[in-house]
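Chain by chain, the residues run as shown.
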Amino acid sequence: MNRFDYVRPTTVDEAVRAIASGTQARFIAGGTNLVDLMKYNVERPERLVDITRLPLDRIEARDGGLSLGALVTNSTVAYDDRVKARYPLLSSAILAGASGQLRNAATTGGNLLQRTRCYYFYDDATPCNKREPGTGCAAIGGVNRIHAIFGTSPSCIATHPSDMCVALAALEATVRVAGPGGERTIPFADFHRLPGDTPERDTTLAADEIVLSVDLPDEDFGAHHTYLKLRDRLSYAFALVSVAAVIKLDGDTIRTARFALGGVAHKPWRNRDAEASLIGKPATAETFAAAAEIVVAEAQPQSENVFKIELARRAIARGLAQAAAGTPQSQSDKRIA
């Protein structure tokens with residue numbers, strides 16, 4: 001075990017000062033990801049800043065929507081009556097991930113900041129630009145079945161693992177953060193990064209900033225939504241491809257449509273052109289298939305994940321059809337045969 005300092009601030013200002021004191025400091029709350037990374041010697045923090053005593057554990061009304069405090073557990077969000085009534089997509093996505101025990105410990109802020117499950121990232125005997133910049137990407141030309149088909153770079157083809165974040169991308173949430181210069185808000189689409197030449201940076205959050213909350217907009221997508229997660233086994237598995245979709249209809253005509261994909265990129269993946277192609281069109285299988293084609297036309301698969309193109313094509317069309325029909329994905333039907 002590597003030696004590290006441990007501090008437990010009681011205010012946000014204290015937490016910001018503690019994290020800003022050194023580049024090897026890390027926040028810890030539920031610890032469902034960071035503790036594993038420390039065990040695997042991937043993360044070696046010199047200081048752990050325990051933020052579990054901060055007043056960030058509430059769900060509150062804000063600007064007509066809801067504000068999810070960074071320390072609210074995933075289970076609390078998923079089962080909150082207000083979330084289930086107005087943002088059931090988020091509840092469905094959270095319940096599709098991890099296990100009940102992990103959801104009871106994992107936090108909203110921690111879910112945003114969890115790191116990739118790429119095999120090579122976890123194996124410190126192999127090259128990984130995300131873990132050790134400049135060493136190369138062993139997944140390119142290696143075992144890459146689970147890796148990205150969109151937004152990749154020669155430096156990294158890892159995927160973001162979260163289910164919750166895919167729903168938040170489709171809902172167009174915002175992330176409220178604080179640092180030495182005060183508070184700021186980050187549109188969810190801008191919070192996570194593509195790898196580019198700096199794959200070690202997962203988000204646009206500064207090293208001395210802390211997530212305060214995730215804020216949901218003043219909208220209601222209760223009637224037409226779905227979270228479709230396709231994976232190798234029914235439970236406790238990360239997505240090969242997932243789709244979070246919300247639609248608003250005027251009769252049979254699509255008035256608003258948003259969808260995001262998980263398991264296919266370094267961040268939740270949206271294609272605004274594909275979404276725009278749906279507006280004003282009838283909610284038919286042909287309309288949804290055409291939107292799916294726009295998305296997959298940009299795919300850049302690796303040697304072992306070409307299958308994800310067809311999987312994504314079908315998942316998008318199916319997810320949009322289910323959302324339009326008002327039939328959320330069954331928890332018992334998320335398996336790859």
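Residues numbered from 1 in each chain as written. Predicted model: local features only at pLDDT ≥ 70, side-chain atom pairs only at ≥ 80, totals over all residues. Heavy atoms only, no water.

Caption draft 1: Region of interest: the side chain of Asn-305. With respect to the secondary-structure elements, Asn-305 resides in the loop between helix H12 (285-296) and helix H13 (307-325). Setting aside chain neighbours within four positions, we find Asn-305 in contact with Asn-144, Arg-145, His-147, Ala-148 and Ile-149. (Helix = DSSP H or I, 4+ residues; strand = E, 2+ residues; numbered from the N terminus. Contact = heavy atoms within 4.5 Å.)

Caption draft 2: Seen up close, H12. If you check H12, its first and last C-alpha atoms are 16 Å apart, about what 12 residues at 1.5 Å a residue would give, namely 16 Å. All buried positions along H12 are accounted for by Thr-287, Phe-288, Ala-291, Ala-292, Val-295 and Val-296. Seen end-on, H12 carries its buried residues on one side only, within an arc spanning 165 degrees. (Expected span 1.5 Å × (residues − 1). Buried < 20%, exposed > 50% of the residue type's maximum accessible area, 1.4 Å probe, protein only. Arc of directions from axis to C-beta.)

Caption draft 3: Layout of the pairing of strand S3 (residues 47-50). Here strand S1 (residues 5-7) runs beside S3; their pairing, made up of three bridges, is parallel. Looking at the pairing, Val-7 lines up with Val-49 of S3. Relative to S3, strand S2 (residues 25-28) is paired through four bridges, and the arrangement is parallel. Looking at S3, one finds that Arg-26 is bridged to Leu-48. The parallel pair S2 and S3 is bridged by helix H2 (residues 34-39), and the resulting crossover is right-handed. (Pairing = 2+ DSSP bridges. Right-handed = clockwise from strand over helix to strand, strands pointing away.)

Caption draft 4: Expanded view of the packing of aromatic side chains. Summed over the entire model, instances satisfying the criterion amount to five aromatic pairs. Plain terms: the ring middles of Tyr-119 and Tyr-120 are 6.1 Å apart, the flat faces sit at 75 degrees to each other, and that makes the pair edge-to-face. Of the residues examined, Tyr-120 reaches a relative accessible area of 15% and is grouped as buried. Between Phe-121 and Tyr-122, the aromatic rings sit 5.8 Å apart at their centres with planes inclined by 85 degrees, giving edge-to-face as the arrangement. A cation over an aromatic ring shows up here: Lys-248 above the ring of Phe-221, its NZ or CZ 4.8 Å from the ring centre. (Phe/Tyr/Trp six-rings, centres within 6.5 Å; stacked < 30°, edge-to-face > 60°. Lys NZ or Arg CZ within 6 Å of the ring centre and 35° of its normal.)

Caption draft 5: Geometry of the pattern of salt bridges. Evaluated as defined, the whole model comprises 23 salt bridges. Where Asp-50 meets Arg-8, a salt bridge forms, and the shortest distance between an N and an O atom there is 3.1 Å. In this pair, Asp-50 sits in strand S3 while Arg-8 sits in the loop between S1 and helix H1 (12-20), placing the two residues 42 residues apart along the sequence. Among the residues examined, Asp-50 registers a relative accessible area of 7% and is labelled buried. A relative accessible area of 37% means that Arg-8 is categorised as partly exposed. Of the charged contacts, one joins Glu-275 and Arg-270 as a salt bridge, the two residues approaching to 2.8 Å between their closest N and O atoms. One exposure class covers both Glu-275 and Arg-270, and it is buried. Among the charged side chains, a salt-bridge network with shared partners connects Glu-172, Glu-219, Lys-248, Arg-258, Arg-270, Arg-272 and Glu-275. (Salt bridge = Lys/Arg side-chain N within 4 Å of Asp/Glu carboxyl O.)

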